[in-house]
Amino acid sequence: MDIVIISGISGAGKSRVAAVLEDMDFYCVDNMPLQMMPKFAELCIATQGRYERVALVTDIRALENEDELFKTFDEMRELGCVLKLLFVEAETETIIRRYKETRRRHPLDTSGSDLTEAVNNEIKMLSNIKSKADEVIDTTGLTLSKLQRRLNLLFTDEADQKALNVTIKSFGFKHGLPVEADILFDVRFLPNPFYDPELKHKTGLDIIVKDYVFGFEQSNEFFRQFCEMTDLLLPHYIDEGRRYFVICFGCTGGKHRSPAMAEALMEYLSEQGYPVDCIHRDIDKE
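Residues numbered from 1 in each chain as written. Predicted model: local features only at pLDDT ≥ 70, side-chain atom pairs only at ≥ 80, totals over all residues. Heavy atoms only, no water.

### As for the overall build of the protein chain
Thought 1: When helices and strands are counted, the protein chain shows eleven helices and nine strands.
Thought 2: With respect to the three principal axes, the spread of C-alpha positions in the protein chain is 80 × 45 × 30 Å.
Thought 3: With 286 residues in all, the protein chain has 44% of them scored as buried.
Thought 4: When contacts within the protein chain are restricted to residue pairs at least 6 apart in sequence, those whose partners lie at least 24 apart make up 77%. (Helix = DSSP H or I, 4+ residues; strand = E, 2+ residues; numbered from the N terminus. Buried < 20%, exposed > 50% of the residue type's maximum accessible area, 1.4 Å probe, protein only. Contact = heavy atoms within 4.5 Å.)

Below is the structure:
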């Protein structure tokens, strides 16, 4: 079992780091007391694989000595855990600005009178532990996408870094827009099988309807250019740390043109190696 211990300077973004790791399929627990970690690791191991990747956010300022920290880590390693200590920091000015924006009190500034001194004292207090961390992330000026990219590089293998789970969804405009769409295309400009009596009561999943939709030059040209666009865009979304992406095609009722286009794109992206799911939201609606 892999366990990432997230600690560092108050206000540096430990909870945000945990949120990104949670999107990467880590099981995350915030504010975990150090003394509880070995027992928690035992419970996770007892689930026999249910929790293989865990991230624990902990506050190590209250330690009486550093030996307590590394003794706890040794106990967890003896259980078979693979541990990494991730230390999160930021520049003093950045932390001060964040505290002022949130109007929260720094844990070491009990009187609320000298925030700068409190931040600097904590940085000094944790400097030795920082030097022993497996990884250090400075969140000063770090956007969410850059943080996602950094954590992906640290905690996923090369194959997983290239994985983008794509959901392709067909829908009918008369039933409303899908709010989850990252990209949405209107394919009502394509010839409509609905007006062919032989095809009216079939759907875009039927071969005869697919052949009809793709029997026109504009359909094939649109699909060709759309595939070229996905070839360009999806790798860049992966670089930005995206793990899920939703592409939606809409026609009038969601029964013919959009399902046919969605199925064709699913086949294309599957051939390119992307994990793809295809959903036809309105195909059974009247």
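What follows picks up the thread again.
### Notes on the nonpolar core
Thought 1: The biggest cluster of nonpolar side chains holds 50 residues, and the ones touching the most others in it are Ile-3, Ile-6, Leu-21, Leu-56, Leu-86, Leu-151 and Phe-155.
Thought 2: Per-element tally for this core: the top contributor is strand 4 (residues 82-89), with five residues.
Thought 3: When sequence neighbours within four positions are dropped, the list of residues in contact with Phe-155 reads Val-4, Leu-21, Met-24, Phe-26, Arg-53, Lys-84 and Leu-86.
Thought 4: In this structure, Leu-190, Leu-234, Phe-249 and Ala-264 belong to the second largest nonpolar core, which totals 28 residues. (Core = buried A, V, L, I, M, F, W, Y, C linked by side-chain atoms within 4.5 Å.)

### Let's talk about the pairing of strand 6 (residues 165-172)
Thought 1: In terms of burial, strand 6 is a largely internal element, six of the eight residues being buried.
Thought 2: With eight bridges joining them, strand 6 and strand 8 (residues 244-251) adopt parallel strand pairing. Paired with Ser-170 across the bridge in strand 8 is Phe-249.
Thought 3: Here strand 6 runs beside strand 9 (residues 276-280); their pairing, made up of five bridges, is parallel. From the neighbouring strand, Thr-167 faces strand 9, where its bridge partner is Asp-277. (Pairing = 2+ DSSP bridges.)

### Description of the side chain of Arg-257
Thought 1: As for its placement among the helices and strands, Arg-257 is situated in helix 11 (residues 257-271).
Thought 2: No salt bridge is formed by the buried Arg-257, whose closest oppositely charged neighbour, Asp-186, lies at an N-O distance of 6.9 Å.
Thought 3: Of the polar contacts made by the side chain of Arg-257, one reaches the backbone oxygen of Leu-190; its length is 2.9 Å.
Thought 4: For Arg-257, the side chain forms a polar contact with the side chain of Thr-252, separated by 3.2 Å.
Thought 5: Residue contacts for Arg-257: discarding those within four places in its chain leaves Val-187, Arg-188, Leu-190, Pro-191, Asn-192, Pro-193, Val-213, Cys-251 and Thr-252. (Lys, Arg positive; Asp, Glu negative; His and termini not counted. Salt bridge = Lys/Arg side-chain N within 4 Å of Asp/Glu carboxyl O. Polar contact = N/O pair within 3.5 Å; in protein donor to acceptor, adjacent residues only side chain to side chain.)

### Focus: the packing of helix 10 (residues 217-239) against helix 11
Helix-helix packing: each pair is described by the crossing angle between the helix axes and the interaxial distance.
Thought 1: Relative to each other, helix 10 and helix 11 sit at 45°, their axes nearing to 11 Å. In terms of orientation, helix 10 lies oblique with respect to helix 11. Here the hand of the crossing between helix 10 and helix 11 comes out right-handed. Here Ser-219, Phe-222, Phe-223, Phe-226, Cys-227, Thr-230, Asp-231 and Leu-234 of helix 10 come into contact with helix 11, specifically with Met-261, Ala-264, Leu-265, Tyr-268 and Leu-269.
Thought 2: For the contact of helix 10 with helix 11, the residue count by class is ten nonpolar, two polar and one charged. (Axes fitted to C-alpha atoms, helices over the stretch in contact; angles between N-to-C directions. Parallel < 35°, antiparallel > 145°, perpendicular 65-115°, else oblique. Left-handed = near helix turned anticlockwise from the far one by under 90°. Nonpolar A, V, L, I, M, F, W, Y, C, P; charged D, E, K, R; others polar.)

### A few points about the sheet that holds strand 2 (residues 27-29)
Thought 1: Taken in spatial order, the five strands make up an open sheet running 2-3-1-4-5, and their pairing is parallel. Strand pairing shows two members of the sheet lacking a second neighbour, strand 2 and strand 5 (135-138), which therefore form its edges. Along the sheet, successive strands turn relative to each other by an average axial angle of 20°, direction set aside.
Thought 2: As paired strands, strand 1 (residues 2-8) and strand 4 are joined by seven bridges and run parallel to one another. Across the sheet, Val-4 pairs through a bridge with Lys-84, a residue of strand 4.

### Description of the packing of aromatic side chains
Working definition: an aromatic ring pair is given by the centre-to-centre distance plus the angle between the planes.
Thought 1: Within the structure shown, the criterion is met by 15 aromatic pairs.
Thought 2: Ring geometry for Phe-194 and Tyr-195: centres 5.4 Å apart, planes at 90°, overall edge-to-face.
Thought 3: Judged by its relative accessible area of 67%, Tyr-195 falls in the exposed class.
Thought 4: Measuring from centroid to centroid gives 5.3 Å for Tyr-212 and Phe-216, while their planes differ by 70°, and the two rings are edge-to-face.
Thought 5: An aromatic cluster is present here, built from Phe-185, Phe-189, Phe-222, Phe-226 and Phe-249 joined pairwise through their rings. (Phe/Tyr/Trp six-rings, centres within 6.5 Å; stacked < 30°, edge-to-face > 60°.)

### Details of the sheet that holds strand 6
Thought 1: With parallel pairing, four strands are arranged side by side in an open sheet as 7-8-6-9. On the outer flanks of this sheet lie strand 7 (183-186) and strand 9, each paired with one strand and no other. Sheet twist, expressed as the average angle between the axes of neighbouring strands with direction ignored, equals 15°.
Thought 2: Each of strand 6, strand 7 and strand 8 touches helix 10; the most contacted strand, strand 8, lies at about 160° to it.

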